[in-house]
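Reading the structure
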Amino acid sequence: MMDGVSLNTDPVVDDDADADEFEIEGDCGMAECISQSGVIQGENPLPPVVGMEFDSYEDVYYFYNCYAKEQGFGVRVSNTWYRKTKERYRGKLSCSSAGFKKKSEANRPRPETRTGCPAMIKFRLMENKRWRIIEVELDHNHLISPVSGKIYKSHKQLGIGTKRALQLDSAEEVQKVRLFRTMVIDVDGNGSVEVSSGEFRSSHNQTSQLRLKDEDAQAIHNYFSHLQLIDPNFFYVVDLNEKGCLRNLFWSNTRSRVAYGYFGDVVAVDTTCLTDKYQVPVVSFIGVNHHGQSVLLGCGLLAGDTIEACTWLFRAWLTCMLGRPPQVIITDQCRTLQAAVTDVFPRAFHCLCLPRIMQKVPEKLGGLYEYESIRMALNNAVYYSLRPEEFEATWEDMIHHYGLRNHVWLQMLYEDRRQWVPVFLKEIFLAGMLPTRPNEVVESFFDGYLNKHTSLKEFLDKYDQALQANHQVEVLADMESRNSGFMLQSRCYFELQLAKLYTNNILRKFEREVEGMYSCFCTRKINGEGEVITYMVREQIEVDGNRRESRDFEVLYNATEMEVLCVCGLFNFKGYLCRHALRVLHQNGIEEIPHQYVVSRWRKDIKRSYVLNHSNGGIDINNPVHRYDHLYKCIMQVVEEARKSEVRYKDTVQALDQILRKLNLVEGRL
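All figures in this text were calculated on a predicted structure; none of them were measured in a lab.

**Regarding the UniProt feature "domain: SWIM-type" (unreviewed entry) in the chain**
As annotated in UniProt, the feature "domain: SWIM-type" (unreviewed entry) corresponds to residues 553-589 in the numbering used here. Annotated as 38% helix and 27% strand, the span residues 553-589 places its first and last C-alpha atoms 20 Å apart.

**Notes on the sheet that holds strand β17 (residues 547-558)**
A sheet is described by the order of its strands in space; here four strands give the open sequence β15-β16-β17-β18, paired in antiparallel fashion. Whereas interior strands pair on both sides, the edge strands pair on one side only; in this sheet they are β15 (522-527) and β18 (563-566). Ignoring strand direction, the axes of neighbouring strands in this sheet form an average angle of 30°. Across the face of the sheet, helix α18 (residues 579-587) comes into contact with β15, β16 (532-543), β17 and β18 while running at roughly 135° to β16.

**Describing the packing of helix α7 (residues 307-320) against helix α8 (residues 335-344)**
The geometry of α7 relative to α8 is characterised by a closest axis approach of 9 Å and an angle of 40° between their N-to-C directions. By the angle between their directions, the pair α7 and α8 is classed as oblique. Considering only the axes of α7 and α8, their crossing is right-handed. Counted together, I307, C310, T311, F314, R315 and L318 of α7 and T336, L337, A339, A340, V341, D343 and V344 of α8 form the full contact between these two elements. Across the contact of α7 with α8, the residue classes break down as nine nonpolar, two polar and two charged.

**A short note on α8**
Among the residues of α8, T336, L337, Q338, A340, V341 and V344 are the ones counted as buried. Buried residues along α8 sit in contact with α7, β13 (328-331) and β14 (349-352).

**Things to note about the pattern of salt bridges**
Under the counting rule described, the total for this entry stands at 30 salt bridges. Across the salt bridge formed by R356 and D332, the nearest N and O atoms sit 3.3 Å from each other. Highlighted residues: R356 in helix α9 (residues 354-359) and D332 in the loop between β13 and α8, separated in sequence by 24 residues. The same class applies to R356 and to D332, which are both buried. Where K650 meets E646, a salt bridge forms, and the shortest distance between an N and an O atom there is 3.2 Å. On the criterion of helical spacing, the pair formed by K650 and E646 is a turn pair, its members being four residues apart in helix α20 (residues 646-669). It is possible to trace a salt-bridge network through shared partners that takes in E53, D55, R130, R132, R315 and D343.

**Description of the packing of aromatic side chains**
Enumeration over the complete set of coordinates arrives at 33 aromatic pairs. Plain terms: the ring middles of F314 and F345 are 5.5 Å apart, the flat faces sit at 50° to each other, and that makes the pair tilted. Of this pair, F314 sits in helix α7 while F345 sits in the loop between α8 and β14, placing them 31 residues apart in sequence. The same class applies to F314 and to F345, which are both buried. Their ring planes at 80° and their centres at 6.3 Å tell us that F510 and Y576 sit as a pair that is edge-to-face. Taken together, the residues F510 in helix α16 (residues 504-517) and Y576 in the loop between α17 (570-574) and α18 connect sequence positions 66 residues apart. A single burial state applies to F510 and to Y576, both of which are buried. Clustering of aromatic rings is evident, with ring pairs tying together Y223, F224, F234, Y236, W251, F445, F446, F459 and Y463.

**Topic: the pairing of β15**
Pairing of β15 with β16 involves five bridges; the strand directions are antiparallel. Following the sheet pairing, R524 is matched in β16 by M536. The loop that links β15 with its antiparallel partner β16 comprises four residues; one of these, G530, has a positive phi angle of about 80°.

Rules of the game
- Numbering of residues starts from 1 in each chain and follows the order in which that chain's sequence is written.
- Only residues with pLDDT of at least 70 are given local features in this predicted model, and only at 80 or more are side-chain atom pairs given and counted; all residues enter the totals for whole chains, interfaces and linings.
- Hydrogens are left out, water is left out, and the side-chain values use all remaining heavy atoms of the structure.
- UniProt positions are given in the numbering used here, feature names are shortened, and annotations may be inferred rather than shown by experiment.
- Helix and strand assignments follow DSSP, with helices taken as H or I runs no shorter than four residues and strands as E runs no shorter than two, numbered in order from the N terminus.
- Two strands pair if DSSP finds at least two bridges between them.
- Only the contacting stretch of a helix is used when fitting its axis, a line to C-alpha atoms as for every element, and angles between N-to-C directions run 0 to 180 degrees.
- Throughout, a contact is declared for two residues whenever any of their heavy atoms are within 4.5 Å.
- Angles are sorted into four bins: roughly parallel if under 35 degrees, roughly antiparallel if over 145, roughly perpendicular if 65 to 115, and oblique for all others.
- Handedness of a crossing is defined here by the sense of rotation of the near helix relative to the far one, left-handed for an anticlockwise turn of less than a right angle and right-handed for a clockwise turn.
- Residues were grouped as follows: Ala, Val, Leu, Ile, Met, Phe, Trp, Tyr, Cys and Pro as nonpolar; Asp, Glu, Lys and Arg as charged; and all remaining residues, including Gly, as polar.
- Relative accessibility under 20% of the residue-type maximum defines a buried residue, over 50% an exposed one, and the middle range a partly exposed one, all with a 1.4 Å probe and only protein chains included.
- Criterion for a salt bridge: a side-chain nitrogen of Lys or Arg within 4 Å of a carboxyl oxygen of Asp or Glu.
- Here the aromatic set is Phe, Tyr and Trp, taking the six-membered ring for Trp, and pairing holds for ring centres within 6.5 Å; pairs whose planes are under 30 degrees apart are stacked, those over 60 apart are edge-to-face, and all others are tilted.

Encoded structure:
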């Protein structure tokens, strides 16, 4: 039985009535709505396209009504489906000439004005609470004309689906239509944008369109065309302003999309180029792989650092990753980014990048009297507090002692403390992506390939080099982890256990905890009653780089559940147990790390189906993804050569026929 009921305004039959079982297969495509110059013609010429998303049911109606008025036809709500909770979850908008009127028993019935027109759109409420167009029919079976002067009912008054009158020349309408100009280019290469260098001109309004030089526009076109040719699952989205000029852009290759499936739990958004006013306003989505190395998960170019632009980019990236949000997202401290993250990733935990906040300390506090003492007090509160109440007391003491009660930047930091101070983040798994120690820095993925003076054309020329260098580092680390034994510094059974499972890079980091386990000089039981036992582990730690002091770390141990929890929180921060927890396990005679503390994302024995760089090595022929990608790239090289002359074309067709016959014979023998 259906989950909801349909309330029809007209007897129009819907052959896809069971909306709850409807699924969109494949990626969204862009219709041929852009001219050869790359400029959209008219005020609001974009037709509806499968995959467009809107914030509300009313916005879908408003958009389609705008399009209808531009084309010269009216709109009717044919169907609206409701769940048992009276929540709308699906709708269908049709041309006003759809269906046929019921026969009237009157003596003088009105003449039939409908034609059974098939033009319509269907849309439904998705899990992300946005409305997505799932089916489109653009063709009419009657003449339509935008210049006919005919005024339709839906154009001159409030319709069933809209809350506002339709005034196409109002400032509100222009802004609203701009929000709908998000088009998804299909990843199989069936859609493309022809760019004209003349259309990407500089603008005084930086948020209206990208400020690109003529050569930059052609570079975008050439680079994306090249990627579509060699990468069958290359994905990109363009956002055009009301004049049809490029405003925002997002793209991601197959490797990034596959990597997200393995390393998409924690994602950092690097907006350095926006905040530092680089020539290339690139925003990068970064993850960390099984070696603890950065891995690129997508890139975007934004015309401005507005909430609208950031929200657009986040939604484009989320669409590329098939609607699967990360568990944790890390950004700079910025109200614009915070608003966009809240909108697009409401269930993700939003962290602020601690190193970037601390890098601003000299700029924000450098002019204060007793700056050096203030800096040390701030570091002590942020890096060395073990419990929230300890941080609160230390922070308050700093504020009071140095008279900083009215310092605006410090007030803002304190308001956001639960998003960046380590003591508040111990319950969040961060996979080593948020450094929590003094003097740790976060490097950009494109360090060495991009600076403030790099043009977009230069950046695109170096883009592949950066990806290739990153890939080679990962391949070398894979080979080292698989083929060479890790030189153990001790015979500790914890280290022996993980040496069989983890990659070498992670083992080197874990090794420091094993060494530190032996430097913990006092471990005493505080509470021995019940299942959970409390231990206090004492260690000498380095403070401010020039002095050492003894600190006690509380460790909880449950022998029944084999659970161990240290107040330092290292396991969630880094993804491996700390020296204090190891010390307690060792003291209780545990010879192996409990299975729940062996993290699969660091394992070297998991086959991850990346699309390999076939120019530098072989492929895994047992992996269908590798086979498909390699064959696709090979055949596209053949196509490029074959199209150059008639003779080459004929020879290629003949050779392909022979290959197909041979494959069919092989299949017959099997």
